[in-house]
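# Per-entry structural report
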Amino acid sequence: MNKTLHFLIPVAALLMLCCCHGNTTQQSMDNNDTIASQEPVTIDSTTVDGLIAYFPQFSRIDLVCGQMPSQQDDSIVFCAEAAFTHELLDEFAHSNIDGDHVSGGKLYKGAKCFDNSGAFAWFGDTTWEFVNGEYGELLDSVAQAGGMGFGQAIIIHDGQSIRPLWRDGVNQYRALCEKDGRLCIVDSRNEVSYERFVELLEQFEPRHALYMDMGAGWNHSWWRDSQGQVHEIHPVAEKSRYCTNWITFYK
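In what follows, the accompanying structure is described. (Residues numbered from 1 in each chain as written. Predicted model: local features only at pLDDT ≥ 70, side-chain atom pairs only at ≥ 80, totals over all residues. Heavy atoms only, no water.)

## Brief notes about the overall build of the chain
Across its full length, the chain holds 3 helices and 19 strands. Sequence-distant contacts in the chain: of pairs separated by 6 or more residues, those separated by 24 or more amount to 67%. (Helix = DSSP H or I, 4+ residues; strand = E, 2+ residues; numbered from the N terminus. Contact = heavy atoms within 4.5 Å.)

As structure tokens, this is what we get:
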């Protein structure tokens, strides 16, 4: 072999290794910058006047039952009451949650609730489903997948509002929604009639919207910012001790 070529080959190989190492490092830095720039929860308060939408960035969801998750758990980015509580009991029982539900991949029998006209389920990966109507098979499937799910009153399904409206009264209302392929929790900014809340949701144009339990105590909820600071949407109230279940988003 030519002596010049014999010398150049290892030099070229060394240069190639240096170039490859540099590209890999830069790609990792770019990925880290992208991850760092993502807020755990992004807030939209401008799309529809009167609504606030919270979009959590999450890797998993669970229905935590029995005791509200601690704000000290920095893996949680959003937490709020989900299904109805049947009675005001001092001790927790899964049978006191309205409707069958799946928590931590396990199916539990809940109280009968005629207001539950639909459900939401997350399958433990990157998929979820909203159902209008009977949801027993959905919960069986999501339990087998190791996910979570609960029943509630469906408001909008596949872009269509569900009629007739199922409740009266003025309150600050809340719904779990799918908007442009993303999950979000949407609150009314002020106390409004339920009919007005539905009208505002129609303006927001989610693909799906499912009611979430509200009222003093049940509206206690919070989210976490990129600095780890917890922000309470509604404070703890006297009846918060009767709450039974919370949809919980983890980063």
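Back to the text.
## A look at the pairing of strand β18 (residues 230–234)
Here strand β17 (residues 221–224) runs beside β18; their pairing, made up of 4 bridges, is antiparallel. Paired with serine 221 across the strands is histidine 234, a residue of β18. Remark: 5 residues form the turn of the hairpin made by β17 and β18, two consecutive strands paired antiparallel; glycine 228 in that turn has positive phi of roughly 85°. (Pairing = 2+ DSSP bridges.)

## Some thoughts on the environment of tyrosine 250
Looking at the secondary structure, you find tyrosine 250 in strand β19 (residues 245–250). Owing to a relative accessible area of 9%, tyrosine 250 belongs among the buried residues under this scheme. Along the primary structure tyrosine 250 and phenylalanine 58 are separated by 192 residues, whereas in three dimensions their C-alpha atoms are 5.2 Å apart. Excluding anything up to four places from it in sequence, tyrosine 250 contacts Gln57, Phe58, Ser59, Arg60, Asp62, Val64, Asp73, Ser75 and Ile76. (Buried < 20%, exposed > 50% of the residue type's maximum accessible area, 1.4 Å probe, protein only.)

## Topic: the packing of aromatic side chains
Taken as a whole, this structure holds 13 aromatic pairs when the rule is applied. Taking the centre distance of 5.7 Å and the plane angle of 45° together, the rings of tyrosine 54 and phenylalanine 78 count as tilted. In this pair, tyrosine 54 is assigned in strand β2 (residues 51–56) and phenylalanine 78 in strand β4 (residues 76–81), connecting sequence segments 24 residues apart. With relative accessibility at 6%, the residue tyrosine 54 sits in the buried group. In this structure phenylalanine 78 comes out as buried when scored by relative accessible area, which is 0%. Each residue in the set Phe84, Trp166, Tyr173, Tyr194, Phe197 and Tyr211 is aromatic and connected to the rest through ring pairs, giving one cluster. Directly above the ring of phenylalanine 204 sits lysine 179, whose terminal nitrogen or CZ lies 5.1 Å from the centroid. (Phe/Tyr/Trp six-rings, centres within 6.5 Å; stacked < 30°, edge-to-face > 60°. Lys NZ or Arg CZ within 6 Å of the ring centre and 35° of its normal.)

## Some words on the pairing of β2
Within β2, 6 of the 6 residues are buried, leaving the element largely enclosed by the surrounding structure. Side chains of β2 alternate between two faces, with Leu51, Ala53 and Phe55 and Ile52, Tyr54 and Pro56 buried alike. Where strand β1 (residues 41–44) lies against β2, 4 bridges are found, and the strand directions are antiparallel. When the bridges of β2 are listed, isoleucine 43 appears paired with tyrosine 54. Where β1 folds back onto β2 in an antiparallel hairpin, the turn is made up of 6 residues, including glycine 50, whose phi is positive at roughly 110°.

## Digging into the pattern of salt bridges
One pass over the structure, following the stated rule, counts 8 salt bridges. Across the salt bridge formed by arginine 241 and aspartate 90, the nearest N and O atoms sit 3.1 Å from each other. Of this pair, arginine 241 sits in the loop between β18 and β19 while aspartate 90 sits in the loop between β4 and β5 (101–103), and the two are 151 residues apart along the sequence. In this structure arginine 241 comes out as exposed when scored by relative accessible area, which is 53%. Note on aspartate 90: relative accessible area 66%, which makes it exposed. Note that aspartate 187 is salt-bridged to arginine 174, the shortest N-O span being 2.7 Å. A residue pair is termed long-range when its members are at least 10 positions apart, and aspartate 187 in strand β14 (residues 182–188) and arginine 174 in strand β13 (residues 174–179) qualify at 13 residues. Looking at arginine 174, the relative accessible area reads 0%, which means it is buried. Sharing partners across several salt bridges, the network here consists of Asp90, Glu238 and Arg241. (Salt bridge = Lys/Arg side-chain N within 4 Å of Asp/Glu carboxyl O.)

## Re unusual backbone geometry
What you tend to see is this: most non-glycine residues have negative phi, and most peptide bonds are trans. For the bond from arginine 163 to proline 164, the omega torsion is 0°, close enough to zero to count as cis. Within the secondary structure, proline 164 sits in the loop between β11 (160–161) and β12 (170–171). One non-glycine residue with positive phi stands out, namely aspartate 180, at about 55°. Inspection of the secondary structure assignment puts aspartate 180 in the loop between β13 and β14. Even without being glycine, glutamate 205 reaches a positive phi, approximately 60°.

## Considering helix α2 (residues 136–144)
Buried within α2 we find Leu138, Leu139, Val142 and Ala143. Buried positions in α2, seen along its axis, are confined to an arc of 130° and lie on one side of it. Turned more than 90 degrees off the buried face of α2, the exposed positions are Glu137 and Gln144. Structurally, α2 contributes buried residues whose contacts are with β5, β6 (106–108), β7 (118–122), β8 (128–132) and β9 (148–152). (Arc of directions from axis to C-beta.)

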